Every structure is written in C-alpha cells, then in structure tokens.
Amino acid sequence: MKMPSWQRAVVKVGSALIAPDDTGTSTKYLLAIARFIIECHERGQEVVLVSSGSAAAGRKHISYDSDKIPVTVKKAMAAVGQNDMMANWSRFFDFPCAQVLMTHGDLRDRARYVSIRNTLHTLLEHSVLPIVNENDALATDEMKVGDNDNLAAMVATLVDADALFICSDIDGLFDADPRVKPDAKKIPEVDTITEEIFALAGGTTNKIATGGMRTKIEAAEKATSHGIDTYIVNGRKGETFELLLQGENPGTLFKRQQDPMSNKKHWLRHTLISQGEIVVSEATAQALIKGAPLTTTGIVDVQGDFNRGDAVVIRHGESAEAIAKGICQYSSHELLHIKGQEASSIAEQYGYSPITEVIESNDLMILEDE
Ligand SMILES: Nc1ncnc2c1ncn2[C@@H]1O[C@H](COP(=O)(O)OP(=O)(O)O)[C@@H](O)[C@H]1O
Ligand SMILES: N[C@@H](CCC(=O)OP(=O)(O)O)C(=O)O
C-alpha cells in the first residue's frame, strides 16, 4: 500500500455535499470526509478545510421561490447558513475547529494576506482545524473571490500546502460535462493545463453552487504553479477517501509544476487583479525580461486609472503583448506626468526627487516565466 506523499493539504468541499437538497445541512456526505480528516490528523498530516455551503444551508431559513436568487438574498442565506455549516462540521471532531472568513479584498492586500497566513499557520501548529469560507455576507463584486475553488487554491498557497483536494459531486474532469454527454470519459491525469483543458469545462447545474468545472481548473492552474498537486474527486463516494489515504488517485490529478513560483510572485500573478496598463519601449521590454526594474524613462504610455500600490500589466508598445505584471509605486495620474523622463528632469520640473524605480524588480513578474 502506497502512503500519501503530502504533509499539508487543503480539502475543498462544495455546496452539493454540504446541503444536497433544499432542507439545509446534511451529514450524508460529510461523514466520510470527516473520517478522512480525522485519520490525517492521527497520522500527523495537516488539513485546512475550505467549505462552501453557507448559502445552500441558509435556504432552510430564507426560502425563495425562484431559481434565480438575488444577490442580497443569497448573502442573507450565507450569513444565516454559515452558522449551520460550521456546527455541522464541528460535531464530527473532538479537536477544535476555527471559522476563518475572508474576501479577495483581504487576500490582495499584502499586509492582510500575511496576517491571514500567520493566523492559519498558528491554528495548524495548535492542531486546530481551520474551516475557511468567503465572507459572503459583506463581499461586494469588487472585493470577492467569487468561488471557493479559486479561494481554496489561494488558501493552499497561503499555507504552503503540498496537496489540494477539490471534493465535488462528480468523479473528476471529463472530456465533456457528463450531465450533458453521458458517454463522456474521465481524464485521470493532467500534466499541463492548456486552453484545450479549459475548453472541456462546462458550468454548474446546481442553482446554489458557483463556477462548475471551469473554476476547478482555474484553481488547479493556480495551485499547480505553486508546486501543489491538485485533485478533483467525488466527495459523494466513501471509497474516494479510502483511496486518498492509500496514496491513490480516485479522480483527476493535475500534476504540480516542478519549478514553482515564489510565494510573492505567485500572489502577484494569481491573487492581485491588474488595475491598469503601462506601455513600454522595445529596449525597456528587453531590460525587464533580463531582470531590470521599470523606470520612468522606458514608459511610453499609461492606461487606466490606478493608485500607488496597485498591480498593473506592462505591455510592449509595438506588439501590444502583455510581458509583465507588477506593483506600481506611482498612481496613473502621476505617471502620466513623469513618463519618459529622466529623474533629473522630473526633479527640475516638479521640485522633488522621484523614486527612480516605478516598479522594483522584486515586485515585477515576467509573464513568460509561467
Ligand atoms: N468537463 C467536465 N467534467 C466534469 N464535470 C463537469 C464538466 N463540465 C461541467 N461539469 C459540471 O461541473 C459540476 C461540478 O461543479 P459545481 O456544481 O460547481 O460543484 P461544487 O459545488 O462541488 O463546486 C458537475 O456536476 C458537472 O455537471
Ligand atoms: N461561499 C459560498 C460558496 C461559493 C461556491 O464556490 O460554491 P461551490 O461551487 O459549491 O463550491 C457559500 O458558502 O455558499
């Protein structure tokens, strides 16, 4: 019997497993998952649980007679259902569970990101099971991750997990949605996530779930690029977890990349959303690729409205190709005035010595490097 090679894993459980019908939370599918987590604990393997299902659980308390549930009603369902979801998990464990709610707003702010990371690490050190969900009650469109597959991948990088298990209501990734094409075939392993792999993914038919297969592949892309093996497995089948405990693959394994990105570069690439664009000259593009920081002189144009500290994409002027992404030390407004100029001329015109590096090398990631 093979033993699992991972030491720390994130287990993501979808709404369809937490609340499979309209009657609130259910233990039907959770018992096998809880036993898996308990067994991992006993073996000294650490687990962070990312659990959906607060909105699905809340349907019991806030009924709504249409398949198209308005956002405000969904948020209210999530707020009331979060309690039920936590209580439903806690009853399985004789070790403590911690509720950790976050939004994308928290993850894209580096200080808050580091703070969440420290909290999760401390919980794990004290053998507490962190149960993470998006803070749906307050998340607006601009600040939410939007789906727990991507959230689970972000959490997996936060805690430096070596495995991510996405537990859904299907056996893995198929070459088409099996609910639409019953003869679709399961793909046991994916070495590289390409556009062709994304093209296989359909949406969800569950009115309270989010994303379907596409967000699971996005999650796998994020996690594997950080060196994390990612599995999509069927959480409805007890044997799934027996196989995982034996180190077998019961679903689809997306293999981790051998040369993973550093934590900060990964955060920059996969967590930060670009707020604007900086267009640079050919010579500057070449210098950036070789590791130079971005300075004012190479900037040809500035597009969008961004603030100091925001992430921006850097484009090559002639080909319009996106070559890098970085954290900008200037706002778009400031950059429009100083672009293309030497530091001495900026000092002369504006009476201050500018920060010479618009984007420091450490805050810059070349997109071709992926
Ligand atoms: N290529 C595919 N392979 C497998 N499932 C797919 C595919 N395309 C779409 N799906 C759908 O994705 C669903 C799982 O996503 P979702 O309903 O969001 O689950 P969860 O609540 O677990 O996140 C499956 O039930 C299936 O109908
Ligand atoms: N945060 C939401 C779940 C969002 C989500 O991604 O749901 P799912 O597709 O079932 O994993 C909730 O708790 O209802």
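Quick caveat: nothing in here was measured; it's all calculated off a predicted structure.

## Overview of the overall build of the protein
Here comes step 1: Along the backbone of the protein there are 14 helices and 15 strands.
Here comes step 2: Taking 21 Å as the expected radius of gyration for a compact globule of 370 residues, we find that the protein reaches 23 Å, a close match to that expectation.
Here comes step 3: The principal-axis extents of the C-alpha atoms in the protein amount to approximately 70 × 45 × 45 Å.
Here comes step 4: Within the protein, the proportion of its 370 residues that are buried is 50%.
Here comes step 5: Here the analysis covers contacts within the protein between residues at least 6 apart in sequence; of these, 74% occur between residues at least 24 apart.
Here comes step 6: Of the accessible surface of the protein, which amounts to about 16700 Å², a share of 47% is contributed by carbon and sulfur atoms.

## Concerning helix 9 (residues 213-224)
What sets the pattern is the α-helix's 3.6 residues per turn: residues three or four places apart point alike.
Here comes step 1: An ideal rise of 1.5 Å per residue puts 16 Å on 12 residues; helix 9 measures up with 16 Å between its terminal C-alpha atoms.
Here comes step 2: Across the 12 residues of helix 9, nine count as buried, placing the element largely inside the fold.
Here comes step 3: Those residues of helix 9 not exposed but buried are Met213, Thr215, Lys216, Ile217, Ala219, Ala220, Lys222, Ala223 and Thr224.

## Here's the deal with the sheet that holds strand 6 (residues 189-190)
Neighbouring strands of a sheet are bound in pairs by backbone hydrogen bonds; such pairs are parallel or else antiparallel.
Here comes step 1: The sheet built from eight strands is open, its strands ordered 3-4-2-1-5-7-8-6 with mixed pairing. Looking at which strands have only one partner, the edges of the open sheet turn out to be strand 3 (97-102) and strand 6.
Here comes step 2: Bridge count between strand 1 (residues 8-13) and strand 5 (residues 163-168): five bridges; the pairing is parallel. In the sheet register, Val13 faces strand 5, and the bridge partner there is Cys167.

## Topic: the confidence of the model for the protein
Here comes step 1: On average, residues of the protein carry a pLDDT of 91, and 96% of them reach 70 or more.
Here comes step 2: Here the predicted complex scores 0.80 on pTM and 0.97 on ipTM.

## A word on the site of ligand 2
Here comes step 1: In the vicinity of ligand 2 lie 13 residues, with Lys12, Ser15, Ser52, Ser54 and Asp136 positioned nearest.
Here comes step 2: Backbone polar atom of Gly53 to an oxygen atom of ligand 2: 3.2 Å apart, as the coordinates give it.
Here comes step 3: With respect to ligand 2, the side chain of Ser54 contributes an N or O atom lying 2.7 Å from an oxygen atom.
Here comes step 4: Isolated, ligand 2 exposes 380 Å² of accessible area, and the fraction of that covered by the protein chains is 94%.
Here comes step 5: The residue inventory of the shell around ligand 2, partitioned by class, reads two nonpolar, eight polar and three charged.

## Observations regarding the sheet that holds strand 15 (residues 364-366)
Here comes step 1: In space, the five strands of this open sheet follow the order 11-9-12-13-15, with mixed pairing throughout. Taken across any chain shown, the strands that pair with only one partner, and hence form the sheet edges, are strand 11 (299-304) and strand 15. When the angles between neighbouring strand axes are averaged without regard to direction, this sheet yields 25°.
Here comes step 2: Where strand 13 (residues 322-327) and strand 15 come together, three bridges link them in antiparallel fashion. Note that in strand 15 the partner of Lys325 across the bridge is Met365.

## A word on the packing of helix 6 (residues 110-125) against helix 11 (residues 263-270)
Here comes step 1: Taken N-terminus to C-terminus, the directions of helix 6 and helix 11 make an angle of 120°; their axes are 12 Å apart at the nearest point. As summarised for this structure, helix 6 and helix 11 are arranged oblique, according to the angle between their axes. Where helix 6 crosses over helix 11, the two elements pack in a sense that is right-handed. Where helix 6 approaches helix 11, its residues Arg110, Tyr113 and Arg117 are matched on the opposing element by Asn263, Lys264 and Trp267.

## Observations concerning the nonpolar core
Here comes step 1: Counting residues in each nonpolar core, the largest one holds 52 residues, and the members touching the most others are Val10, Leu107, Leu120, Val132, Val155, Ile217 and Phe254.
Here comes step 2: Of all the elements in the fold, those that place two or more residues in this core are strand 2 (46-51), strand 3, helix 6, helix 7 (148-158), strand 5, helix 8 (195-199), helix 9 and helix 11.
Here comes step 3: Per element, the largest residue contribution to this core is seven residues, and it comes from helix 7.
Here comes step 4: Viewed by domain, this core spans two of them, domain 1 (8-265) and domain 2 (274-366), each represented by three or more residues.
Here comes step 5: Val132 has contacts with Val48, Leu49, Val50, Ser51, Val100, Met102, Leu120, Leu151 and Val155, leaving out every residue within four places of it along the chain.
Here comes step 6: Counting residues in each nonpolar core, the second largest holds 32 residues, with Ile18, Phe93, Leu244 and Leu253 among its members.

## A look at the packing of helix 6 against helix 7
Here comes step 1: For the pair helix 6 and helix 7, interaxial distance at closest approach is 10 Å and the crossing angle is 75°. When the interaxial angle is binned, helix 6 and helix 7 end up roughly perpendicular. Between helix 6, through Tyr113, Ile116, Arg117, Leu120 and His121, and helix 7, the contact on the second element is made entirely by Val155, Thr157 and Leu158.
Here comes step 2: Its residues assigned to classes, the contact of helix 6 with helix 7 comprises five nonpolar, two polar and one charged.

## A look at unusual backbone geometry
Here comes step 1: Despite not being glycine, Ser127 has its phi angle at roughly 55°, a positive value.
Here comes step 2: If you trace the backbone, Ser127 turns up in the loop between helix 6 and strand 4 (129-134).
Here comes step 3: Taking relative accessible area as the criterion, Ser127 reaches 42% and is therefore assigned partly exposed.
Here comes step 4: With phi around 55°, Asp160 is a residue other than glycine that occupies positive phi space.
Here comes step 5: By relative accessible area, Asp160 is classed as partly exposed at 34%.

Calculation criteria
Every residue gets a number counted from 1 within its own chain, in the order that chain's sequence is written. Chains and ligands are labelled sequentially in the order written, the chains with letters from A and the ligands with numbers from 1. The model is predicted, so local features are restricted to residues of pLDDT at least 70 and side-chain atom pairs to those at 80 or more, both for listing and for counting; the totals for chains, interfaces and linings are taken over all residues. Excluded from the side-chain calculations are hydrogens and water; all other atoms, namely the structure's heavy atoms, are used. Helix numbering and strand numbering both begin at the N terminus, where a helix is a DSSP run of H or I of at least 4 residues and a strand a DSSP run of E of at least 2. Here the globule rule is a power law, 2.2 Å times the number of residues to the power 0.38, and the radius of gyration is based on C-alpha atoms. Burial classes: relative accessible area under 20% of the type maximum marks a residue as buried, over 50% as exposed, and values in between as partly exposed (1.4 Å probe, protein chains only). By definition, residues are in contact when any of their heavy atoms lie within 4.5 Å. Where accessible areas are quoted, they stem from the Shrake-Rupley method and a 1.4 Å probe; at the residue level, only the protein chains shown are allowed to cover. An expected span of 1.5 Å times one less than the residue number is assigned to each helix. Here, strands pair whenever DSSP counts at least two bridges between them. Confidence scores here are pLDDT values: one per residue, from the predictor, ranging 0 to 100. Being near a molecule or strand, for a residue, comes down to having at least one heavy atom within 4 Å of it. Under the rule applied, a polar contact is a pair of N or O atoms within 3.5 Å (in protein, one hydrogen donor and one hydrogen acceptor; residues adjacent in sequence only if both atoms are side-chain atoms). Residue polarity is assigned by list, with Asp, Glu, Lys and Arg as charged and Ala, Val, Leu, Ile, Met, Phe, Trp, Tyr, Cys and Pro as nonpolar; anything else, Gly included, falls into the polar class. Under this scheme, a helix contributes an axis fitted over its contacting stretch, all axes are lines through C-alpha atoms, and angles between N-to-C directions fall in the 0 to 180 degree range. Should an angle lie under 35 degrees it is considered roughly parallel, over 145 roughly antiparallel, and from 65 to 115 roughly perpendicular; all remaining angles are considered oblique. By definition, turning the near helix anticlockwise from the far helix through less than a right angle yields a left-handed crossing, and turning it clockwise yields a right-handed one. Buried Ala, Val, Leu, Ile, Met, Phe, Trp, Tyr and Cys residues that are joined via side-chain atoms within 4.5 Å together make up what is termed a nonpolar core. Each domain's limits were defined by an automated method or a database of domain assignments.

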